[in-house]
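Residue-level listing of the chains:
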Amino acid sequence: MLKKRELKYPLDALEPYYNKETLDIHYNILYQGYIDNTNKTEEKLQKARETNNFENIKCLEKDLSFFGSGVILHELFFDNMGPAIPTSPNIELMEQINKDFGSYERFKTQFTESSKVVEASGWNLLVWVPEFNKLEILQCEKHQNLTLWGCKPLLVLDMWEHSYFLQYKTKRPDYINAFWNIVNWNEVNKRYSKI
Ligand code: MN
């Protein structure tokens with residue numbers, strides 16, 4: 001059984017860039033929903049194996065991918081944000097960013113522009129792709145589509161409307177610009193050191 005992972009900061013710690021009400025709903029209701037639905041799906045899969053009834057297997061495998069990826073991405077997202085204390089990529093990550101994107105500014109611009117055009121329900125991610133031996137930026141539709149297999153998510157931004165609409169309405173660029181103030185690069189550096 002999956003359990004909700006604790007938030008590493010108080011619900012109002014990201015103000016004014018990400019308000020308490022939005023984070024409260026996002027963390028306590030929506031993220032909890034992904035945990036509950038992943039657990040329910042696992043229970044149904046166990047029951048299918050026990051009863052040897054695989055009538056709904058296609059739907060269950062899809063649910064596992066959708067809800068399970070929803071859990072993983074939300075945990076990465078909540079953890080790669082923090083109070084607006086300036087942090088930055090460490091030397092190793094910065095060197096790789098410079099190598100693969102030309103400069104930090106070019107990386108930031110690509111990430112921002114890519115985030116703006118994620119289709120309604122999706123994510124934008126900085127990932128490490130072991131097979132290519134390089135960093136890439138990927139969009140993600142829903143929680144599970146458009147990945148490169150084996151990639152390691154480093155920095156993720158939730159572009160589902162529930163993540164910004166309450167506070168930013170249709171002003172997606174304002175939400176993305178605000179996000180840069182609360183990125184916790186210490187967490188991203190830690191993930192990069194484990195690739
Ligand atoms: Mn979300």
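Residues numbered from 1 in each chain as written. Predicted model: local features only at pLDDT ≥ 70, side-chain atom pairs only at ≥ 80, totals over all residues. Heavy atoms only, no water.

## Concerning the sheet that holds strand β2 (residues 134-141)
Ordered in space as β2-β1-β3, the three strands form an open sheet in which the pairing is antiparallel. Two strands close off the open sheet at either side, each with one partner strand: β2 and β3 (152-158). Shown here is a sheet whose adjacent strand axes are inclined to one another by a mean of 20 degrees, direction ignored. As judged from the six bridges shared by strand β1 (residues 122-129) and β3, these two strands associate in the antiparallel manner. Its bridge partner being in β3, tryptophan 128 is matched across the sheet by lysine 152. (Pairing = 2+ DSSP bridges. Helix = DSSP H or I, 4+ residues; strand = E, 2+ residues; numbered from the N terminus. Axes fitted to C-alpha atoms, helices over the stretch in contact; angles between N-to-C directions.)

## Side note on empty space enclosed by the protein
Under the definition given, this model contains one cavity of 30 Å³ or more. A volume near 40 Å³ is recorded for the largest cavity. Arg5, Glu6, Leu7, Tyr27, Tyr31, Glu75, Phe78 and Asp79 together form the lining of the largest cavity. Put simply, the parts of the chain that give the lining of the largest cavity at least two residues each are α1 (20-51) and α2 (57-79). It is α2 that contributes the most residues to the lining of the largest cavity, three residues altogether. A class-by-class count of the residues in the lining of the largest cavity yields four nonpolar, no polar and four charged. (1 Å grid on protein atoms, 1.4 Å probe; cavity = no way out; pocket = protein on both sides within 12 Å on 5 of 7 lines; lining within 4 Å. Points joined across faces, edges and corners; volume = space filled by probe spheres on them. Nonpolar A, V, L, I, M, F, W, Y, C, P; charged D, E, K, R; others polar.)

## Quick look at the layout of surface pockets
The space that makes up the largest pocket amounts to roughly 430 Å³. For the lining of the largest pocket, the secondary structure elements donating two or more residues are α2, β1 and β2. Sorting elements by how many residues they give to the lining of the largest pocket places α2 first, with four residues. Looking at the lining of the largest pocket residue by residue, the classes come out as eleven nonpolar, eight polar and no charged.

## Details of the side chain of glutamine 96
Within the secondary structure layout, glutamine 96 lies in helix α3 (residues 91-101). With relative accessibility at 13%, the residue glutamine 96 sits in the buried group. In contact with glutamine 96, not counting residues within four places along its chain, are Trp128, Asn133, Lys134, Leu135 and Tyr192. (Buried < 20%, exposed > 50% of the residue type's maximum accessible area, 1.4 Å probe, protein only. Contact = heavy atoms within 4.5 Å.)

## A word on the environment of phenylalanine 77
Assignment of secondary structure puts phenylalanine 77 in helix α2. Once residues within four sequence positions are removed from consideration, phenylalanine 77 is found in contact with Tyr18, His26, Trp123, Val156, Leu157, Asp158, Ser163, Tyr175 and Phe179.

## Examining the pattern of salt bridges
A full pass over the atoms with the stated rule returns eight salt bridges. We note a salt bridge from glutamate 187 to lysine 8, for which the minimum N-O separation is 3.8 Å. Here the residue glutamate 187 occupies a position in helix α7 (residues 185-193), and lysine 8 occupies one in the segment before α1, the gap between them amounting to 179 residues. For glutamate 187, a relative accessible area of 10% puts it in the buried group. Here lysine 8 falls in the exposed class, since its relative accessible area comes to 54%. It is possible to trace a salt-bridge network through shared partners that takes in Arg5, Lys8, Glu75, Asp79, Glu187, Lys190 and Arg191. (Salt bridge = Lys/Arg side-chain N within 4 Å of Asp/Glu carboxyl O.)

## Looking at the packing of aromatic side chains
In total, this model carries 24 aromatic pairs according to the counting rule given. For the pair tyrosine 104 and phenylalanine 107, a centre-to-centre distance of 5.7 Å together with 55 degrees between the ring planes defines the contact as tilted. Taken together, the residues span about one helical turn, with tyrosine 104 and phenylalanine 107 both in helix α4 (residues 104-116) at a distance of three residues. For phenylalanine 107, a relative accessible area of 0% corresponds to the buried category. (Phe/Tyr/Trp six-rings, centres within 6.5 Å; stacked < 30°, edge-to-face > 60°.)

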